[in-house]
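# Coordinates in review
The chain contents come next:
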Amino acid sequence: MKVTLLGTGDAPGTPVIGCNCPTCQDGQKGGKSNRLRCSILVESKTGTILLDTGPDLRQQLLEHNIKHVDGVIWTHGHYDHFTGFGEFHRVQRKVDVYGLAETLDYILEYLAFLKPRRNNVKINETFEIIGLKVTLFEVKHRPVSNPVGVIIEEDGKKVVFTGDCEGQIPQKSLELIDSPDLLIADAIVPDSDVLHIKKHMDAKDALELAQKIKAKEVVFTHMSHFFKPHSTAAQKFPMGYDGMQFVI
């Protein structure tokens, strides 16, 4: 499978409107500090799916020449993870969407006009799409009641996307996500001393999780402008960037 990070920014994205910090200034120049909101493209031999659909989806689909998707998986109902789905209006009808029932109830109240095909998924139960095995696992992301991460498996290879989550991940989930080939980890700030956002992991939390579950490779996503400009931060952390690709 091929995995592309379409957007690696947090809810405001980078640059943040009205901010002139060094990272936002760097992002304004169009480099890797420029981060759109969260979405991940996953491709198999038989199709294409999206993990979350952030507000910048139109730009992301155009930049990557994505003309059709076979499904969308939503991790939770925060606006920066689903509102871009509206860009399918008059582009693609009846898109298959997957998530926990409570998540779909909330999101589809807003997006019902698009008439997507709803697929309720239960936590820790595996389903198949485009030849990939997909499992949603429990995470904590207060005050959201049922956020999930996503496990994708193909031919003995495993990719784990934490979604938005806190550092305390339930034991059952830790067992399910053990030994991934790639961990795509929420890491909103470089250090809790800079800013403590308890509903997200920081860089230290993400690295500790990667070590705990024996990830072969880890990359950060959902990053804020509190990281230093990308070229500097990447010397210390496994920074993701928009358009970054992995062949697993």
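Up top is the structure.
Residues numbered from 1 in each chain as written. Predicted model: local features only at pLDDT ≥ 70, side-chain atom pairs only at ≥ 80, totals over all residues. Heavy atoms only, no water.

## Comments concerning the overall build of the protein
In terms of helices and strands, the protein carries seven helices and 13 strands. Against the globule reference of 18 Å for 248 residues, the protein gives a C-alpha radius of gyration of 17 Å, in line with a compact fold. With respect to the three principal axes, the spread of C-alpha positions in the protein is 45 × 40 × 35 Å. For the protein, the proportion of contacts with a sequence separation of at least 24, taken over those separated by at least 6, is 59%. Per element, the accessible surface of the protein, about 11500 Å² overall, is 48% carbon and sulfur. Taking the average location of the 29 positive side-chain charges in the protein and that of its 32 negative ones, the two points are 3 Å from each other. (Helix = DSSP H or I, 4+ residues; strand = E, 2+ residues; numbered from the N terminus. Rg over C-alpha atoms; globule rule 2.2 N^0.38 Å. Contact = heavy atoms within 4.5 Å. Areas by Shrake-Rupley, 256 points an atom, 1.4 Å probe, with all protein chains shown as cover. Lys, Arg positive; Asp, Glu negative; His and termini not counted. Charge placed at Lys NZ, Arg CZ, Asp CG, Glu CD.)

## Some points on the sheet that holds strand β3 (residues 48-51)
Read from one edge to the other, the open sheet built from seven strands follows the order β6-β5-β4-β3-β2-β1-β13, with strand pairing classed as mixed. Whereas interior strands pair on both sides, the edge strands pair on one side only; in this sheet they are β6 (117-120) and β13 (244-247). Strand-to-strand twist across the sheet, computed as the mean angle between neighbouring axes with direction ignored, equals 20°. Examined bridge by bridge, β3 and strand β4 (residues 71-73) share three bridges and lie parallel to one another. In the sheet register, L51 faces β4, and the bridge partner there is I73. (Pairing = 2+ DSSP bridges. Axes fitted to C-alpha atoms, helices over the stretch in contact; angles between N-to-C directions.)

## Thoughts on the pattern of salt bridges
Tallied over the full model, the rule gives nine salt bridges. Between R117 and D96 there is a salt bridge, with the nearest N and O atoms lying 3.4 Å from each other. One end of the pair, R117, is in strand β6; the other, D96, is in strand β5 (residues 96-99), and 21 residues separate them in sequence. Salt-bridge contacts for D181 lead to K216; the nearest nitrogen and oxygen are separated by 3.2 Å. In this pair, D181 sits in the loop between α5 (171-176) and β11 (182-186) while K216 sits in the loop between α6 (203-212) and β12 (218-221), placing the two residues 35 residues apart along the sequence. Residue D181 is classed as buried on the basis of its relative accessible area of 13%. Salt bridges sharing partners connect three or more residues here, namely K157, D181 and K216. (Salt bridge = Lys/Arg side-chain N within 4 Å of Asp/Glu carboxyl O. Buried < 20%, exposed > 50% of the residue type's maximum accessible area, 1.4 Å probe, protein only.)

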